Structure formats: C-alpha cells, structure tokens
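If you want the building blocks of each chain, they are given just below.
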Amino acid sequence: MGTVLAVAFLFLNLLLLPDSSFSHPLCTNSRAPFTLNTTLSFCPYNNGSTCCSSTQDMQLQKQFRRMKISDSGCGSLLKSIVCARCDPFSADLFTISSIPRPVPVLCNSTVSATSSQSGQSVNDFCSKVWDTCSNVSISNSPFAPSLKGQAGLPVNSNITTLSDLWQSKSDFCEAFGGASTDGSVCFTGEPVKLNATESPTPPHGLCLEKIGNGSYLNMVAHPDGSNRAFFSSQQGKVWLATIPEEGSGGTMGIDESTPFIDLTDEVYFSSAFGMMGMAFHPDFAQNGRFFASFNCDKVRWPGCMGRCSCNTDVNCDPSKLPPDNGAQPCQYHTVIAEYSANNTAVNASSATTAKPSEVRRIFTMGLPFTAHHGGQILFGPTDGYLYFMMGDGGGPDNSGDPYNFSQNKKSLLGKIMRLDVDTIPSAEDISKLGLWGNYSIPKDNPFREDKGLLPEIWALGMRNPWRCSFDSERPSYFMCADVGQDVFEEVDVVTKGGNYGWRTYEGPYLYNAPSSPGGNTSANSITPIFPVMGYNHSEVNNNEGSASITGGYFYRSNTDPCMYGRYLYADLYASALWAGAETPEDSGNFTSTKIPFSCATDSPIECTSVPGSSLPSLGYIFSFGEDNKKDVYILASSGVYRVVRPSRCKYTCTKENATAGRIPSPATTTNTTTPPSYASHLHHSYNSIVVILSSLLLLLLGVI
C-alpha cells in the first residue's frame, strides 16, 4: 500500500508541474516583478526585473547560511536554487497548482530530450544537483519536506544528504524535476529565459471601414451576446445600436433621437469633463443593472456632493489650493451611479430604454483640479468586480501632480480601484473602512488589511489611465494605457498591488516635478513596474504639438488573422496606430510597431482623406471598442471605424481566407461565442485529469 501511495503522490506531483502554456512573469505573491534601483547583494538578478526586495534578499541569504554546506560546488548550486525565489517567473517555478513548493521545478531531461531555456539541446539540471550534492550534508534541507513526507518516508534527522532521503536519482528527479520542453518553465540554475524567438513580421497594414458618423467616447458590447452594442457620448447620452456584419455594406443601426438613457441633466460637459465610462453588469440580460461614470458640477446640480479628494488624510488643505481654469477645488466631482433597465420591457435583454433615475450612488469624490480624472469603469471577466480608473487629479499649468497624489497611499487619485457592487456594505464597514460610497471591498484586494493604504486600491502610481481592457483570451492580461507628461506615453500590464511609478517616473524615465508642495517620493522608496510598450513624444508628428495615448485591445477576431494576438493602441492627436506583439507568447516581452492604415474602397460610409494624402482622416482617436465577435472598433471624432479584412484595402495577409472559418453572421444567430483556444482545451483537460487522479488518491487513502 505504501508503494502505491508513493507512486500516486509522485505522479500527481509531476502532473501538477506548471504548464508552460500559461507562463508569464509573476511572483509567488501573485504580483508582477519589479525593477530595483540597486543590485541585490545575495541574489543579484541582472535581467531587468526581480521578485525580491532587499529585505527578502537578506532573508534568503540567512536561509542559505543555515544549510551549512561544506562543499563549494554543491553550495553554488543550492545558492542558485534559493535565489530562484527572486526570478520573475517564480510563481510558476514554486507553485504546484495552489500548493507551494520548497524548491523550484528543476529542469529534467529524462522527461524530455529537448530544452529551449538555455539554448542547449539537453539541460538536466536536476541530475547535476543529484550528482554534485547527493553525498553532501545539508542542514535544514529544502529537499526533505512535504513531497517526501507525503510518500510515507519521514525525515529523521535535521542534517541529511540527498541519498539519505531518496533511494535514487530517478526518484529524486521524479519529485523535483520538470520537463525541459520548448517554452516550459523549469530551473536551469540561471534566471529563466524562455525560447528567444524573433518578433513575427508585423501586418502590412490595418484596413478599416466606416460604419457610423457619430462621435462617441465609449462602446460596450451587449452582454446578451447579440450583434448589438451600447455607445455613449461625452455629453451624457447612451444609445443602443445594431452592428452590421463585416463586409455586408451595412451601417450602424442607431437612432440618435432616441437614446437608451439621457443623463445630460446630471453630467457636466466640457473639453475635460463629461460622461467618461459605462459598464453593464455581467448578468445585465437577467438583472438589468448598469453603471455610468461621469463628472458633475456641484454649483449646477444638487446631487453633486461628496468628500473632497484634497483632505486631511492626504495632508492637503483645499482652502490653499489655487483655482484651476476659474474653478474652485472640488467644485467638480467624479461619480459612479447605478441604473436599471428593468420595468421598461418584458426583460432587460429586450429593453431599448432605461429611466435616468439613479438606483444607487456607488461612488462620489471631489476633484482638486480640472484635469486627469480618468473615469473608465469595467467589470473583471473572471471576478465580476468593478474596476475604476482614476487619474492623479491634474494641477494648474500641467504641473505634474504637484501634490503627489498618485504615490500618496491615503489618496484614491492616480489609482485603479476594484469594488464589489454586488454586496451592500454595512454601516460598520462604511465607517471602519472609510468608504467613499455604497460598495464593498473584495476580500482579496491587496490592501484590504493594510492600514497604510486605502482598501479600494488595486494598483497605484498612474497619471491618467485612458482606456484599459482585459484580454478576452487571457484575462490575467489587464492592459492599461497611461497618458504621459512631457516625454513618454505608456502601456502597462496591471497586476494586483502594482506600483506604476508616477510621478517618480514617467514611463521608464525619472521625473522631476517643477513644483512639489505635496512632497516627493524618492526613487529608492518604491519598486516601480515599468511599461511593456509605449512611445516617446518625438515619435509622433501632429499639428497639436503634443501626444496622448489611447489604449485598445488584444485583437482576437478571425476577421484579420495577421493582427490576431497583437495589442492595438493609438495616439489621440496624431491618428497614429501601433500594434504590440508579445514574443515568446506569455513571456511579458513586447515589441510594438507603428501600423499603416487605410480605408476600404467599398466602405459603407466614404472615408474623408487627409488633405494631400490618401490616408483616411480619423480626427481625434478617443477610444476603442470590441463587439461580441471580438471585432475591434476605433471611436474617433470623425466617426466609428471597424477593423476589416486586409484584402479589402489590398494589404497582403497570407493567413487570410475570405470564405473559410468565418464567424456566423449576427443575422442568423443572436448569441455568438468565441470558440475556446487550444490552450483552453488543454487547460480543461489538464484540470480534469488532476481531478481524476486526486480522487483516485483519496480513494486509496480511504478518505472518500
């Protein structure tokens, strides 16, 4: 029976080794790797990022010293193993499903004959550890805990050798080794480096068709999966539109005289203010709940009332703030309000209008100045929580967050928030947590129990996040574009608890504020996460003489197969488009290329050309949208544009097939879903096998 259990445990451990298809840089605490301004003294990771602070580095050094290893060769190997905690891929190296490992997955060529991490044909680091250390005494050995104890072979001594603990190299490497396969994440004794492949050839161009003349700030696909989408204007109106099939020659079905909801009485509209976001509850088709994010003026609307973001908690006195563009501090507020489409139709899915009366005020906060207040809201695709993007609040004369709100841990300015709008908070919670409205705090928010930071915060150090999105194929990729100050426009992969550097950094560059009445944050006191993509202001040419990034989406439609998997983003003023490619996939390493674009000659609405050029004149690129078929749209001042088949603009794409593999037309189906990827099939199969084996193991133990 003991032998059977041992084999079962070893087999289960092997099966639960990290799957390379899901690997991208992530630390064991589920946060992103960061860059230090100084080199660690014990574990000097020099590949650009690390998962260890100086304090953690010192703790690892103490752990290593406690091993009391007399052999220098073995000591060198075990030091590298201990320091693997600092590797940017440590989450994959040290975690089996949700079970933490005592040591990283050691590359083991006995499982596979190839390895792509080191460039060698074979990398059997596990055998190297055994051959070097099998007879070396190790105190508090990391190879002696649960993996062996679970197999019924308890450790009897604090000082042991590997050969004391394991009968053979084969047994040892079955428990601690992982396949050295192409793209796999296993440890070679050096920082993980996935197979370095050249960036794929960028698409020859992006082909657009114009399907609408309206100017909109937001687009949200109807949650019922149909060929409909909601569009909203900065003035405060929302319309429900029908999207024509690509290539059909049709235009958007929208009646601007009959909005879905009209909030213009509440919304304060100007060049910097207005309705900034809308989000429909994942269960909207059943419950009719939706949310609007907008700005209001307390002088014009009695419902515009809330606490000022400049307050004693953040060492800010609103009476001492200078007026900005004639406005007094906190004259304007940012608001999230809930509305309902119920009672206007038989069911919410068929509703074409909604009443403009608030069901619930979710959030209200006064703004110190008249710029940089973000305002986008969207629901997380896997957790169902509401994410709220907030800028740093601006400052007079574009002065660079003078009160340092973005780094102030007691301020919600310059933050991405994560709110639970499904759970009504108790009066005790509102008082205890100091909430800014009628929402609850998700239990796994990174700073819920940290008295030094506000519990709403999911990420900090943002300047003015302008358009974020979750990758529909890999929801862990939460992409946000953050508008720069004078030099750099950035795209960030936002992770739990991440600090994105502003205003200590502008993108990858140190930033020196012209004035700092609110104090400074030193570069040595933070661990910033630098952007994965972006562009310098010198890279754009436009009549405005400035740059402002507009974030987009990972392209996941079948319409343009040469764009598939690339992150598409733009500049507001320059009408310039970029496509970012991640190579290898799931590595976190991106390269971006400016993409030429044209308008299809058979566009349903003729595109206006730039004077003296054949390029379409988009005007300002306000935002991007995505429909239920994953087609991507550009929302510009000149209209609504859809990305279409490259051949319609005579762009060459060898992957394009105009007739095969097309998604069914919305005219023939009202509920479309994207087929799961190969990786997701593998993931489900993998989980099923784990469940089966786990059940088998529990049967053997007599638990079930």
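For the structure, check the block above.
I will try to describe carefully the structure that is included in this document. (Residues numbered from 1 in each chain as written. Predicted model: local features only at pLDDT ≥ 70, side-chain atom pairs only at ≥ 80, totals over all residues. Heavy atoms only, no water.)

Thoughts on the overall build of the protein chain
Step number 1: The helix and strand tally for the protein chain stands at 11 helices and 33 strands.
Step number 2: In the protein chain, which comprises 704 residues, the proportion classed as buried is 56%.
Step number 3: Sequence-distant contacts, at least 24 apart, represent 65% of the contacts inside the protein chain between residues at least 6 apart.
Step number 4: Carbon and sulfur atoms provide 51% of the accessible area of the protein chain, an area that totals close to 28,900 Å². (Helix = DSSP H or I, 4+ residues; strand = E, 2+ residues; numbered from the N terminus. Buried < 20%, exposed > 50% of the residue type's maximum accessible area, 1.4 Å probe, protein only. Contact = heavy atoms within 4.5 Å. Areas by Shrake-Rupley, 256 points an atom, 1.4 Å probe, with all protein chains shown as cover.)

Points about the layout of surface pockets
Step number 1: A volume near 1,100 Å³ is recorded for the second largest pocket.
Step number 2: Lining of the second largest pocket is provided by 46 residues; of these, S271, A272, N464, L572 and Y573 occupy positions nearest its centre.
Step number 3: Taken together, the residues of the lining of the second largest pocket sort by class into 18 nonpolar, 23 polar and 5 charged. (1 Å grid on protein atoms, 1.4 Å probe; cavity = no way out; pocket = protein on both sides within 12 Å on 5 of 7 lines; lining within 4 Å. Points joined across faces, edges and corners; volume = space filled by probe spheres on them. Nonpolar A, V, L, I, M, F, W, Y, C, P; charged D, E, K, R; others polar.)

Looking at the environment of D492
Step number 1: With respect to the helices and strands, D492 occurs in strand β22 (residues 488-493).
Step number 2: Residue class for D492 comes out buried when judged on its relative accessible area of 0%.
Step number 3: Sequence separation between D492 and G534 is 42 residues, and the spatial gap between their C-alpha atoms is 8.7 Å.
Step number 4: Ignoring any residue separated from it by four or fewer positions in sequence, one finds D492 in contact with M462, F478, M479, C480, D482, Y500, I529, F530 and P531.

Considerations on the packing of aromatic side chains
Step number 1: Under the counting rule described, the total for this entry stands at 45 aromatic pairs.
Step number 2: Consider the rings of F230 and F280, whose centres lie 3.9 Å apart with planes at 15°: the pair is stacked. Taken together, the residues F230 in strand β9 (residues 228-232) and F280 in strand β12 (residues 275-280) connect sequence positions 50 residues apart.
Step number 3: When its relative accessible area of 7% is taken as the criterion, F280 is described as buried.
Step number 4: Ring plane angle 25° and centroid distance 6.4 Å describe the contact between F363 and W436, whose orientation is recorded as stacked. Pair noted here: F363 is in strand β15 (residues 360-366) and W436 is in the loop between α10 (427-433) and β19 (457-460), with a separation of 73 residues, a long-range link.
Step number 5: Assessed through its relative accessible area of 0%, F363 is described here as buried. (Phe/Tyr/Trp six-rings, centres within 6.5 Å; stacked < 30°, edge-to-face > 60°.)

Side note on helix α8 (residues 169-176)
Step number 1: Those residues of α8 not exposed but buried are F172, C173, A175 and F176. Projected onto a plane normal to the axis of α8, the buried residues spread over an arc of 160° and lie on a single side. (Arc of directions from axis to C-beta.)

Regarding the sheet that holds strand β14 (residues 332-340)
Step number 1: The strand order across the open sheet formed by 4 strands is β12-β13-β14-β15, and the pairing between neighbours is antiparallel. For this open sheet the edge positions go to β12 and β15, each flanked by a neighbour on one side alone. For this sheet the average axis-to-axis angle between neighbouring strands, irrespective of direction, equals 15°. (Pairing = 2+ DSSP bridges. Axes fitted to C-alpha atoms, helices over the stretch in contact; angles between N-to-C directions.)

So, the side chain of R566
Step number 1: Mapping R566 onto the fold places it in the loop between β26 (549-554) and β27 (567-571).
Step number 2: Look at R566: it is buried, it has no salt bridge, and the nearest opposite charge is D560 at 8.2 Å.
Step number 3: Within polar-contact distance, the side chain of R566 engages the backbone oxygen of T201 at 2.9 Å.
Step number 4: Beyond its immediate sequence surroundings of up to four residues, R566 is in contact with P200, T201, P202, P203, Y553, F554, Y555, A579, G580 and A581. (Lys, Arg positive; Asp, Glu negative; His and termini not counted. Salt bridge = Lys/Arg side-chain N within 4 Å of Asp/Glu carboxyl O. Polar contact = N/O pair within 3.5 Å; in protein donor to acceptor, adjacent residues only side chain to side chain.)

A few points about unusual backbone geometry
Step number 1: Each neighbour pair has its own omega, and for W502 with R503 the value is 10°, a cis peptide bond.
Step number 2: Position of R503 among the secondary structure elements: in the loop between β22 and β23 (505-506).
Step number 3: A cis amide bond links T583 to the next residue, P584, at an omega of -10°.
Step number 4: Backbone geometry places K68, a non-glycine residue, at a positive phi of 50°.
Step number 5: One non-glycine residue, C330, lies in the positive phi region at around 65°.

Some details on the sheet that holds β26
Step number 1: Taken in spatial order, the 4 strands of this open sheet run β26-β27-β28-β29, and their pairing is antiparallel. At either margin of the open sheet sits one strand with a lone partner, and together these are β26 and β29 (590-595). Put simply, the sheet's adjacent strands are angled 25° from each other on average, direction ignored.

A few points about the packing of helix α3 (residues 72-83) against helix α5 (residues 125-133)
Step number 1: Between α3 and α5, the shortest axis-to-axis distance is 9 Å and the interhelical angle comes to 140°. The angle between α3 and α5 falls in the class oblique. Here the hand of the crossing between α3 and α5 comes out left-handed. Contacts between α3 and α5 involve G73, C74, L77, L78, S80 and I81 from the first element and F125, K128, V129, T132 and C133 from the second.
Step number 2: Grouping the constituent residues of the contact of α3 with α5 by class yields 7 nonpolar, 3 polar and 1 charged. (Parallel < 35°, antiparallel > 145°, perpendicular 65-115°, else oblique. Left-handed = near helix turned anticlockwise from the far one by under 90°.)

A word on the side chain of D471
Step number 1: Among the secondary structure elements, D471 is positioned in the loop between β20 (465-470) and β21 (478-482).
Step number 2: Here the side chain of D471 touches R474 through a polar contact of 3.0 Å, side chain to side chain.
Step number 3: Reaching out from D471, the side chain makes a polar contact with the side chain of R556 at a distance of 2.8 Å.
Step number 4: Among residues more than four places away in sequence, those in contact with D471 are Y477, F554 and R556.

Topic: the pairing of β9
Step number 1: Where burial is concerned, most of β9 is hidden: 5 out of the 5 residues are buried.
Step number 2: Alternating positions in β9 separate into two faces, R228, F230 and S232 on one and A229 and F231 on the other, with burial throughout.
Step number 3: Pairing analysis gives 4 bridges linking strand β8 (residues 218-221) to β9, with the strands arranged antiparallel. Of the residues in β9, the one forming a bridge with V220 is F230.
Step number 4: Between β8 and the antiparallel strand that follows it, β9, lie 6 residues; G225 among them carries a positive phi value of about 85°.
Step number 5: Strand direction decides the pairing type here: β9 and strand β10 (residues 237-242), joined by 5 bridges, are antiparallel.

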